[in-house]
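Here is what each chain is made of, one letter per residue.
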Amino acid sequence: MDENDPELKLKLLEVARAAAPDYPDVKKGIGCGVAALIAAGVLSTLFVSFFQKLSTGSRISVVAGSALIAALVAGGLAAFRPPRQ
């Protein structure tokens, strides 16, 4: 077989396109999740500081909850996003 055969190149390209994608990318998902956790924690702390009627326990739970939700969403989106081509 000639390695410069155009039919062979087309078949190999077709097989590569049909191959299973190599995601979820756990490493990228964890990295983006941690970044979102920190960013959401800081932003929600600033946001909650304006509410005087909330108790300290309520403030902590709002900050922790919003940061966790942001981390899960951002990490999940980053992990399951197909790689760029």
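Above: the structure in question.
Residues numbered from 1 in each chain as written. Predicted model: local features only at pLDDT ≥ 70, side-chain atom pairs only at ≥ 80, totals over all residues. Heavy atoms only, no water.

Chemist: Teacher, can you tell me more about helix α3 (residues 56-80) here?
Modeler: Residue pairs three or four apart in sequence face the same way in an α-helix, which turns once every 3.6 residues. For α3, which comprises 25 residues, the first-to-last C-alpha distance of 36 Å matches the rise-based estimate of 36 Å (1.5 Å per residue) to within 8%. Summarising the contacts, the buried residues of α3 are in contact with α2 (26-48). (Helix = DSSP H or I, 4+ residues; strand = E, 2+ residues; numbered from the N terminus. Expected span 1.5 Å × (residues − 1). Contact = heavy atoms within 4.5 Å.)

Chemist: How should a nonpolar patch on the surface be read in this particular structure?
Modeler: On the surface, V26, I30, V34, L37, I38, V42, L43 and L46 cluster together into a nonpolar patch covering about 760 Å² of accessible area. Summarising the element assignment, V42 is placed in helix α2. (Patch = residues over 30% accessible without salt bridge, like charges linked within 9 Å, V, L, I, M, F, W, Y side chains within 5 Å. Areas by Shrake-Rupley, 256 points an atom, 1.4 Å probe, with all protein chains shown as cover. Salt bridge = Lys/Arg side-chain N within 4 Å of Asp/Glu carboxyl O.)

Chemist: Honestly, helix α1 (residues 6-18) in this entry has me stumped. Any pointers?
Modeler: With 13 residues, α1 extends 18 Å from end C-alpha to end C-alpha; this agrees with the ideal 18 Å at 1.5 Å per step. Burial within α1 is sparse, with just zero of its 13 residues counted as buried. (Buried < 20%, exposed > 50% of the residue type's maximum accessible area, 1.4 Å probe, protein only.)

Chemist: Sorry, what's going on with the packing of aromatic side chains here?
Modeler: Any pair of aromatic rings gets described here by the distance separating the centres and the angle formed by the planes. All told, the structure shown has one aromatic pair when counted by the stated rule. Note on F47 and F51: the rings are 5.3 Å apart at their centroids and 70° apart in plane angle, and the pair reads as edge-to-face. Judged by relative accessible area, F47 falls into the exposed class, the value being 53%. F51 sits in the partly exposed class, given a relative accessible area of 39%. (Phe/Tyr/Trp six-rings, centres within 6.5 Å; stacked < 30°, edge-to-face > 60°.)

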